[in-house]
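Chain by chain, the residues:
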Amino acid sequence: MIPEMVVSVELMLQSWKNHLEKEIEVFEEFRLLSADIISRTAFGSNYLEGKNIFDMKVKYSNITRMNIFKSRFPSISKIWKTSDEIEADKLLSIIHKSVMDIIKKREEKVKLGEIDNYGADFLGLLLQAYHDVDENRRILVEDLIDECKTFYIVGQEPINFLLSWTVLLLAIHTDWQEKAREEVIELFGHQNPHPDDLSKLNIVTMIINEALRLYPPAVGFPRKCDSELRLGKFILPANIHLFISNLVAHHDPGIWGDDAHLFNPERFSGGVAKATSNNVAAYFPFGFGPRTCVGFNFATMGAKIVLMMILQRYRFTLSPAYVHSPVVHFVLYPQHGIQVILHSLKSEEGPS
Ligand code: HEM
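Conventions and cut-offs
Residues numbered from 1 in each chain as written. Predicted model: local features only at pLDDT ≥ 70, side-chain atom pairs only at ≥ 80, totals over all residues. Heavy atoms only, no water. Donors = N, O, S within 2.8 Å, 3.2 Å for Na, K, Ca; no water. Helix = DSSP H or I, 4+ residues; strand = E, 2+ residues; numbered from the N terminus. Axes fitted to C-alpha atoms, helices over the stretch in contact; angles between N-to-C directions. Left-handed = near helix turned anticlockwise from the far one by under 90°. Contact = heavy atoms within 4.5 Å. Nonpolar A, V, L, I, M, F, W, Y, C, P; charged D, E, K, R; others polar. Near = heavy atom within 4 Å. Parallel < 35°, antiparallel > 145°, perpendicular 65-115°, else oblique.

What to know about the coordination of the iron atom of the ligand
For a metal with four donors in a tetrahedral arrangement, the ideal angle between donors is 109.5 degrees, while six donors in an octahedron ideally sit at 90 or 180 degrees. What the protein offers the iron atom of the ligand as a donor is a single atom, Cys293 (SG), at 2.3 Å. With respect to the secondary-structure elements, cysteine 293 resides in the loop between α13 (272-275) and α14 (296-313).

So, in structure tokens, the structure goes:
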């Protein structure tokens, strides 16, 4: 998986050479990059092949965000749909068809003998499970399609957001950018990432944790009480809808101290458990409990690889054009993008 990620990042960084000492808008750069990473690592293709899915997904996410807090009577929704619901259904069926095309293409290659097996990426593993000779272990075609759609739909955006906010913070706090670069160069020199050594990136991990605290890409998640329950001093009636916000918990001075709103990766120097005094409800950028994020490792590993490869090649500072406007629409994104200025490293030793 790491080699595919490295290819995606190298392609992006190649084009960054044209932006030296100029401004670059990284939110859009990371949107394309994260889409390419998902396509390559999970589906053995590239951004262009999955482009239709990503384009439809952006439109679908916008509609979902606009409607997330609107109440609907379930029985009415079955017989009458709003124009947004009709559009959302249309988009989902296009995504469905595009995913089917990618699945069929891989199956066809095996059938024609162009490749020996379905492959070891996410799609390959799902196809093996779908074609399993043991009927009891075989997954249904609906599951196969749903899993692919989920990966495309929920995987790309949060990586894009995490990288963007982290680069913003490092563009402002250049002392931490320098510390991170020193760590990367000390561990990897100018070599590409190696899986065994990624876990040694302490400073980079502290920075990512702090970025996820201040700017959690998924600001919370909805829940519904099945039955009446007690939550601390509250009694919650059955069927009540809740929104559990990590954004609020992550900025609570009662938990994080008076500098809760400031960027201070040092607070994670002893790890997450120490920073939160073992309070699991204090820090949960990836959720918690049975529905915790399954992409946690994929996302953090991807973020580390991208950051370290940027740090090996460029210094960056905040552009005067940047306007700070984080917007919450279920996810937390920079409304006007994130503009930074790229500088070459003084030593000029970075990989080409
Ligand atoms: C920085 C990156 C990411 C963040 C902050 C994030 C955050 C979250 C959060 C908060 C949840 C819990 C939602 C809930 O409890 O209702 C979640 C669930 C999930 N995430 Fe992520 N995610 C990230 C990356 C990814 C990636 C890269 C993938 C897949 C490639 C992924 C796949 C999923 C899936 C499938 C679930 C649903 C799990 C379930 O309901 O059983 N996530 N994520």
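Some words on the packing of helix α10 (residues 202-214) against α14
For the pair α10 and α14, the least separation of the axes is 11 Å and the interaxial angle reads 115°. Seen along the crossing, α10 lies across α14 with a hand that is right-handed. Packed against α10, whose contacting residues are Val204, Thr205 and Ile208, the element α14 presents Thr300, Ala303, Lys304 and Leu307 at the interface. Classifying every residue of the contact of α10 with α14 gives four nonpolar, two polar and one charged.

Section: the site of the ligand
Around the ligand, a shell composed of 21 residues is seen, among which Pro158, Arg223, Arg291, Cys293 and Val294 lie nearest. Listed by contribution, the elements that provide at least two residues to the shell around the ligand are α7 (141-172), β2 (220-224) and α14.

Remarks on the packing of helix α3 (residues 47-67) against helix α5 (residues 83-111)
One way to put it is that α3 packs onto α5 with a least axis distance of 9 Å and a crossing angle of 155°. Classified by the interaxial angle, the pair formed by α3 and α5 is roughly antiparallel. You can see that α3 and α5 cross each other, and the crossing is left-handed. Counted together, Glu49, Asn52, Ile53, Met56, Lys57, Lys59, Tyr60, Ile63 and Asn67 of α3 and Asp84, Glu87, Ala88, Leu91, Leu92, Ile94, Ile95, Ser98, Val99, Ile102 and Lys105 of α5 form the full contact between these two elements. Residues that form the contact of α3 with α5 fall into these classes: eleven nonpolar, three polar and six charged.

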